[in-house]
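Here are the chains, one letter per residue:
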Amino acid sequence: GTFSQVEPVVGLSGVSYLDFGGGAKFDLAKVLGWSKALEVSGSYRHTGRTMDIEGQGSAEANVDFVNASLYVQYLPRLGITAGFQMANMEMNEVQQTASVNSYANIAPFVPLSKGSQMQWMVGLDYTIDKNAWLSLNFGMVSVENTYNLTADADKAVNLPIYAVDEKVGGAWPQTYTSQFSQTIVEASINVEF
């Protein structure tokens, strides 16, 4: 759906929000007449915000989220799971103005302009009893954030602390990219009531 803010805060002439998405899950085993599960699922969601800033144009923030999974049960008690998630965020920024009270002054202090997160995981499910199972999973999370430092980066509130090392001769580069990844190992017992 699309929504508009009735009375925007001072400095904004309008704010609108957009949100839509959908998803589906199919048990292909039932279609093929198999007795074991073969489930495929996926979803997509988009959210966005547009702020019309008086005398400055507009600032937009958009997020796209994708989710996909697969579950295959090939023995009476043992199954394989696989999943993938990805979120991409992009925010354009407005120029800083001379007016201290202007809403546009906020953007330079929160300079994240692009963000990308991805996670994948594979694992085994072992059925212990009806509505109870053991899960063993392995996966990876990867994150990449890009910051626009053309404004006053020294006052930025969400710039990683280690970005200070990127200053060359006391000056910031035009952009700064932060990347990291993490391995996930998970073992859990799940119970449904």
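The rules behind the values
Residues numbered from 1 in each chain as written. Predicted model: local features only at pLDDT ≥ 70, side-chain atom pairs only at ≥ 80, totals over all residues. Heavy atoms only, no water. Patch = residues over 30% accessible without salt bridge, like charges linked within 9 Å, V, L, I, M, F, W, Y side chains within 5 Å. Areas by Shrake-Rupley, 256 points an atom, 1.4 Å probe, with all protein chains shown as cover. Salt bridge = Lys/Arg side-chain N within 4 Å of Asp/Glu carboxyl O. Helix = DSSP H or I, 4+ residues; strand = E, 2+ residues; numbered from the N terminus. Buried < 20%, exposed > 50% of the residue type's maximum accessible area, 1.4 Å probe, protein only. Pairing = 2+ DSSP bridges. Axes fitted to C-alpha atoms, helices over the stretch in contact; angles between N-to-C directions. 1 Å grid on protein atoms, 1.4 Å probe; cavity = no way out; pocket = protein on both sides within 12 Å on 5 of 7 lines; lining within 4 Å. Points joined across faces, edges and corners; volume = space filled by probe spheres on them. Nonpolar A, V, L, I, M, F, W, Y, C, P; charged D, E, K, R; others polar. Contact = heavy atoms within 4.5 Å.

**Student:** How would you summarise a nonpolar patch on the surface if you had to cite specific residues and measurements?
**Tutor:** Judged by side-chain polarity, Phe26, Leu28, Val31, Leu32, Trp34, Val40 and Leu70 come together as a nonpolar surface patch covering roughly 700 Å² of accessible area. The greatest single-element share of the nonpolar patch, amounting to three residues, is contributed by helix α1 (residues 28-32). Following the sequence through the fold, Leu70 ends up in strand β4 (residues 57-73). For Leu70, a relative accessible area of 37% gives the class partly exposed.

**Student:** So, the sheet that holds strand β1 (residues 2-4): which residues are in play, and what are the values?
**Tutor:** If you trace the eight strands from one edge of the open sheet to the other, you get β1-β2-β3-β4-β5-β6-β7-β8, paired in antiparallel fashion. Each edge of the sheet is formed by a strand with only one pairing partner; in this case those strands are β1 and β8 (175-191). Each adjacent strand pair in this sheet contributes to an overall mean axis angle of 10°, direction not counted. Pairing geometry for strand β5 (residues 78-91) and strand β6 (residues 112-129), over 13 bridges, is antiparallel. Bridge pairing links Asn88 to Ser116 in β6.

**Student:** Describe in detail unusual backbone geometry, supporting the description with residues and values.
**Tutor:** A negative phi holds for most residues other than glycine; trans holds for most peptide bonds. Phi at Asn131 takes a positive value of approximately 65°, unusual for a residue other than glycine. By the element assignment, Asn131 lies in the loop between β6 and β7 (132-148).

**Student:** An account of the pattern of salt bridges is needed here, citing residue identities and associated values.
**Tutor:** Tallying each qualifying case throughout the model produces two salt bridges. The salt bridge involving Arg45 is made with Asp19; its shortest N-O contact spans 2.6 Å. On the criterion of sequence distance, the pair formed by Arg45 in strand β3 (residues 38-53) and Asp19 in strand β2 (residues 12-27) is long-range, its members being 26 residues apart. Residue Glu39 is joined to Lys25 by a salt bridge in which the shortest nitrogen-to-oxygen separation is 3.6 Å.

**Student:** How would you sum up the layout of surface pockets? Please name residues and give values.
**Tutor:** In this structure, the largest pocket encloses a volume near 330 Å³. Forming the walls of the largest pocket are 21 residues, and the residues nearest its centre are Ser69, Thr81, Ala82, Gly83 and Met121. Elements that contribute at least two residues to the lining of the largest pocket include exactly β3, β4, β5 and β6. When its residues are assigned to classes, the lining of the largest pocket shows nine nonpolar, eight polar and four charged. For the second largest pocket, the calculated volume is near 150 Å³. Tyr71, Asp125, Thr127, Asp129, Lys130, Asn131, Ala132 and Trp133 together form the lining of the second largest pocket. Mapped onto the lining of the second largest pocket, the elements with two or more residues apiece are β6 and β7. Examining the composition of the lining of the second largest pocket, we find that three residues originate from one element, β6, more than from any other.

**Student:** Summarise the pairing of β5; cite the residues concerned and give the values.
**Tutor:** Note that β4 and β5 share 13 bridges and pair antiparallel. Bridging across to β5, Ala68 finds its partner in Phe84. The antiparallel hairpin formed by β4 and β5 contains four residues in its connecting segment.

**Student:** Let's hear about the pairing of β3: which residues, and what values?
**Tutor:** With 15 bridges joining them, β2 and β3 adopt antiparallel strand pairing. Bridge pairing in β3 links Tyr17 to Arg49. Here 16 bridges tie β3 to β4, and the two strands are oriented antiparallel to one another. Of the residues in β4, the one forming a bridge with His46 is Asp64.

**Student:** Report on the environment of Asp125, specifying residues and quantitative values.
**Tutor:** Tracing the backbone shows Asp125 in strand β6. Overall, Asp125 belongs to the buried group, its relative accessible area being 13%. Note: C-alpha distance between Asp125 and Arg77 (48 residues apart in sequence) is 7.9 Å. If we ignore the near neighbours within four places in the chain, the residues touching Asp125 are Tyr71, Arg77, Leu78, Gly79, Thr81, Trp133, Leu134 and Ser135.

Geometric descriptors of this kind do not, in isolation, establish any biological role.
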